[in-house]
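Examining the three-dimensional arrangement
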Amino acid sequence: MAGTVESVREEEPLKGVSEEGGVSNDRHCADGLGVSKLSTWRTATFLLSFFICLIIVFAFSFVLPCPVRPQYQPTWNRIVPAAATYDFLAVGHVNPDQVQDVVFIYKSAEGTMNQSCIGEGLPSPCLFLLAVDGTDGVTLWERPLAAVYDWAVCGVGGVKTKGKICLVAHTDNLTAVNMHTGVIIWQRPRSPVINGHLPVILLPDLDGDGTDDIAVLSYIPPVPPRTPAPTELVFFSGKSGDVIGLKVNVDAGAVRTHLQVTTPSGAHYLLLCTDGGLYTVGLWRLADRAEISMASKLKKENSWEKKPTNISGLIPLYGSGALQHMVVVKGGSGSSSPSVLLQTASTIMLLNTNTLSISWTKNTSQLINIPSFGHFNKDGVSDIVLEENLGNETKRVVIVDGQTGRELWAGSLLFGTQSPSPASVLTIYSYSVFMLWGETRTQSNVTVSTSLSHKSIKTENCPCILAAALLERGRHACYLVLSGANGSLTDEAGLGGAEPVVLTKRKIKDDVSQSVVLGVGGPEGGAIARDMENFVREAFERLRFNEEMI
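Here the structure is a predicted model, which is why all the values come from computation and not from measurement. Numbers given for residues are sequential positions, taken from 1 along each chain in its written order. Restriction of local features to residues with pLDDT of at least 70 applies here, the model being predicted, together with a cutoff of 80 or more for giving and counting side-chain atom pairs; totals for whole chains, interfaces and linings are based on all residues. To obtain the side-chain values, all non-hydrogen atoms of the structure were included, while hydrogens and water were left out.

1. Digging into the overall build of the protein chain
Comment: elements are numbered from the N terminus, with helices defined as DSSP H or I runs of at least four residues and strands as E runs of at least two. Looking only at helices and strands, the protein chain has six helices and 34 strands in total. Any residue under 20% of the maximum accessible area for its type is buried, any over 50% is exposed, and the rest in between are partly exposed; the area is computed with a 1.4 Å probe on protein chains only. Here the protein chain holds 550 residues, and the buried ones make up 48% of them. Restricting to contacts in the protein chain with at least 6 residues of sequence separation, those with at least 24 account for 51%. Counting only carbon and sulfur atoms, one obtains 55% of the accessible surface of the protein chain, whose full area is about 26,300 Å². By definition in these notes, contact holds between two residues if any of their heavy atoms fall within 4.5 Å. Only the protein chains shown count as cover for residues, and the accessible areas themselves come from Shrake-Rupley with a 1.4 Å probe.

2. Points about the nonpolar core
Nonpolar cores were defined as sets of buried Ala, Val, Leu, Ile, Met, Phe, Trp, Tyr and Cys residues, with membership established by side-chain atoms within 4.5 Å. Of all hydrophobic cores here, the largest spans 43 residues; its most connected members are L233 and F235. Ignoring sequence-local partners within four residues, the contact set of L233 consists of I201, A215, V216, L217, L246, K247, V248, V250, L283 and L286. In this structure, W76, L122, F128 and C478 belong to the second largest nonpolar core, which totals 24 residues.

3. Considerations on the state of the cysteines
As used in these notes, a disulfide is a covalent bond between sulfur atoms, one from each of two cysteines. Any two cysteine sulfur atoms lying within 2.5 Å of each other are counted as a disulfide. Applying the stated criterion to the full structure yields two disulfides. With a sulfur-sulfur separation of 2.1 Å, C117 is cross-linked through a disulfide to C126. Looking along the S-S bond of the C117-C126 disulfide, the torsion reads about -85°, which is the left-handed sense. Two residues, C154 and C166, share a disulfide whose sulfurs are 2.0 Å apart. With the S-S dihedral at roughly 105°, the linkage between C154 and C166 falls on the right-handed side. Placement of C154 in strand β6 (residues 149-156) and of C166 in strand β7 (residues 165-170) is noted, with a sequence separation of twelve residues between them. Numbered by order of appearance in the sequence, the disulfide-linked cysteines of the protein chain pair as 1-2, 3-4.

4. Quick notes on helix α6 (residues 530-541)
Each residue after the first adds 1.5 Å to the expected span of a helix. For α6, built from twelve residues, the straight-helix expectation of 16 Å at 1.5 Å per residue is met to within 8% by its first-to-last C-alpha distance of 17 Å. Residues of α6 that are buried include every one of E533, V536, R537 and F540, and no others. Around the axis of α6, the buried residues are gathered within 95° of arc, so they sit on the same side. The directions from the helix axis to the C-beta atoms are what the arc is built from.

5. Here we look at the confidence of the model for the protein chain
Within the protein chain, residue pLDDT values average 83, and 82% of them lie at 70 or more. For every residue, the predictor assigns a confidence score, pLDDT, that lies between 0 and 100. Under a pLDDT of 50 for its full length, residues 1-24 has, in the predicted model, four contacts with residues more than four places off or in other chains. Note on residues 443-461: pLDDT is under 50 here. Beyond four places in sequence and across chains, it has 69 contacts.

6. Focus on unusual backbone geometry
The omega torsion across S124 and P125 is 0°, close enough to zero to call that bond cis. Locating P125 in the fold gives a position in the loop between β3 (101-108) and β4 (126-132). Here L198 and P199 are connected by a cis peptide whose omega angle stands at 0°. Within the secondary structure, P199 is located in strand β10 (residues 196-203). Despite not being glycine, Q98 shows a phi value in the positive range, around 70°. Of note, the phi angle at D251 is positive, near 55°, even though the residue is not glycine. Assignment of secondary structure puts D251 in the loop between β13 (243-249) and β14 (255-262). Take D251: its relative accessible area is 47%, and that puts it in the partly exposed class.

7. Observations regarding the side chain of R506
The residue R506 is located in strand β33 (residues 501-507) in this model. Separated by 2.9 Å, the side chains of R506 and D511 make a polar contact. For this analysis, a polar contact is any N or O atom pair within 3.5 Å, provided that within protein one partner can donate a hydrogen and the other can accept it, and provided that sequence-adjacent residues contribute only side-chain to side-chain pairs.

8. A look at the packing of aromatic side chains
Centre distance and the angle of the planes are the two values used to describe a pair of aromatic rings. Two rings from Phe, Tyr or Trp (for Trp, the six-membered ring) form a pair when their centres sit within 6.5 Å of each other. Planes less than 30 degrees apart are called stacked, planes more than 60 degrees apart edge-to-face, and all others tilted. Per the stated rule, a full pass over the model turns up seven aromatic pairs. On the basis of an interplanar angle of 70° and a centroid distance of 5.9 Å, the ring pair of F50 and F51 is categorised as edge-to-face. Note on Y86 and Y149: the rings are 4.5 Å apart at their centroids and 40° apart in plane angle, and the pair reads as tilted. Placement of Y86 in strand β2 (residues 84-92) and of Y149 in strand β6 is noted, with a sequence separation of 63 residues between them. Summarising the burial analysis for this pair, Y86 and Y149 share the class buried.

9. Focus on the pairing of strand β11 (residues 213-218)
Within β11, six of the six residues are buried, which leaves the element mostly enclosed by the surrounding structure. Judged by which residues are buried, β11 turns out to be covered on both faces: D213, A215 and L217 on one side and I214, V216 and S218 on the other are all buried. A strand pair is defined by DSSP finding two or more bridges across the two strands. One ladder, built from five bridges, connects β10 with β11; its direction is antiparallel. If you follow L202 over to β11, its bridge partner there is I214. Two strands pair when backbone bridges link them, and β11 and strand β12 (residues 232-236) are joined in this way by five bridges, in the antiparallel orientation. Along β12, the bridge assignment pairs S218 with E232.

10. Observations regarding the sheet that holds strand β9 (residues 184-189)
In space, the four strands of this open sheet follow the order β6-β7-β8-β9, with antiparallel pairing throughout. Only two strands of the sheet have a single neighbouring strand rather than two, namely β6 and β9. Looking at each pair of strands side by side, their axes are set apart by 15° on average, direction ignored. Note that strand β8 (residues 173-178) and β9 share five bridges and pair antiparallel. The residue bridging V177 from the neighbouring strand is I184, located in β9. Where helices are involved, their axes are fitted lines through C-alpha atoms of the stretch in contact, as for all axes, and angles between N-to-C directions lie from 0 to 180°.

11. With respect to a nonpolar patch on the surface
Patch construction takes residues with relative accessible area above 30% that form no salt bridge. Like charges are linked within 9 Å, and nonpolar side chains (Val, Leu, Ile, Met, Phe, Trp, Tyr) are linked within 5 Å. Any Lys or Arg side-chain nitrogen found within 4 Å of a carboxyl oxygen on Asp or Glu counts as a salt bridge. Among the surface-exposed residues, F46, L47, F50 and F51 lie close enough to one another that they form a single nonpolar patch of about 430 Å² accessible area. Looking at the secondary structure, you find L47 in helix α2 (residues 26-63).

12. What about the pattern of salt bridges?
Opposite charge on two side chains permits them to pair, given that their charged atoms come into close proximity. Inspection of every chain in the model, using the stated rule, returns eleven salt bridges. In this structure, R190 engages D150 in a salt bridge whose closest nitrogen and oxygen atoms are separated by 2.7 Å. You can see R190 sitting in the loop between β9 and β10 and its partner D150 sitting in strand β6, a full 40 residues away along the chain. In this structure, K247 engages E232 in a salt bridge whose closest nitrogen and oxygen atoms are separated by 3.6 Å. Remark: E232 occurs in strand β12 and K247 occurs in strand β13; sequence separation between them is 15 residues. Because the salt bridges share partners, they merge into one network encompassing E388, R396 and E407.

Encoded structure:
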C-alpha cells in the first residue's frame, strides 16, 4: 500500500490531493490569495501617495505664486517743496517687503498726501512724520503733529504683535506712532519730562502688560545762561504711555549728556556725564526707588556693584569735569562688552566696561563732529573716525585703531558750513566702506567714499545728514542724504521761499561707474594712475556687504 501511495505522489506531484495530519493543501491556496490581495492594496496605496506628492509639487511649482523679491530703484529722490527739516533720519522695516524703509520729519503747512495742518485741526505750520519706501521713495504713511519739534526716535517700545513705535517729543506732548501704520498709539503730556533728552532708555516689561517699556531722563545741560534743573527719571509703559511708578530724582548734579549701557550679562546701567565727572548707576536701583513692583526683573552687574558709591548710589568712573561727550562702542577693546569713547576738548579716551578703567588716550585737535565708527583693519574691533578742524575750511580725517588708539589712516578735505558726520557700512571681508563728506582742492561739492568721489550731492542747505544703510540682508548697500532748511530757524513766512527738503538715496556700487577716483590720502587729493583707478573700481564691484553695520 505504501508503494502505491508513493507512486501516486510521483505521478501527480502538483495535484495537491495528499493530506498530512488531516490538513488539506487547499488552505495553502487560500493563504496565497490573501497575500496577493494585500500586495495589490500596497501597490494601490503607493501609487496614490505618489500621485498626491506629484500634485503637491506641481501646485507649488506652477499654481501657487512664488514670493516676488522687491524691485528697487538704485537711485531715488524724495522732494518736499516749501518745507524745512530737522536733524532726524531713521532706517527700519515699515512695510513687510524685507527692504528697510526711511523715516524723517519736516515742517510745512501742507503734507504730501493732500493733508493740511488746518484740516487736521493743528496750528500752521506743523510737523509731518513721513515714512517712505526704501525701494523707490514712495510715501508709505504720513502723520501730522503739532509743532514745535524737540526730538524723535524710532524702533522702541510698542506692542509686540503690532511692531515698534516712533516716539516724538513735540510742543507739550510725547506721542507714540506705530512705525508700520503711522497710527498714533498713545499721546501723553510731556510735563513729567519737559526737559527730556535722547537717548530714550529701553527696558524689559516692568508693568506686566507683555510689552517692553521705556524711560526718559529729564535735565537741563549746564550751558550758560541756563540754570541746571534736577535730573529726574520717569518710567513709561511702552503699550499705553502711562507713567510706571514714581518719578526718581537721580541727584547727579549738572548732567551734560547720558547713555545706556547693557552688559553681556543683560544688566542695564545709566552713564551720566556731569560737570563733576563720569558716573554710572544701575537701572535696577532707580526702578526700586520708583517703587516699581517688577523692578527685580532688572539685573545687577556684580563686578560694577562692588565699586564704591557716593551718597546717591552713583558709581564714579572718571573724576574730571572736562568731559564733553561720550559714545558707546560696540565690542570695543576686543571684547563682547561695550566700551565707551569719552571726549574732552583735547583728547579722546576709551573706557573699558569690563574693568571700568581707561584703555588708552589720544590727543586731538578741535573736533567738528561726534566721532563715528567702522572697521579699517581686520582685528574685529570697531575703529574710530575723527574729523579735526585745521582752520581755513580744512578738516583732517583720522581713523584711529579701536584696540590701541594709534593712528591708522589720515587725509585732508575741504569743508563748508555743513559737514555731516562720516558713515560706514561693513563688508563680509571684515573691513568697512567709509563715506566721508568734503571737497578736494580741485573739485567742488563732492562726497568721498574711501577713494571714491561723487559730485552729485549739494550741501548748501542745512541740516544735512549723511547715513549709510544696508536696506536688504547682505545686499543693497546705499547712502542717504537729507538736506533742507533748518526747521528750528524757519517760521511760516520763511517756508514759502525756502529750498525744498530733499531726501536722496544712492546705491554705493552704482555710483562707482559715474565717479572720479581720487587719491584722498595725498596732499592735493588729485587723480591717480589709470591702472590704479581700474583696480579701485573693480574692488568696489566685488564687494559684498555684512548685515551688521559696524
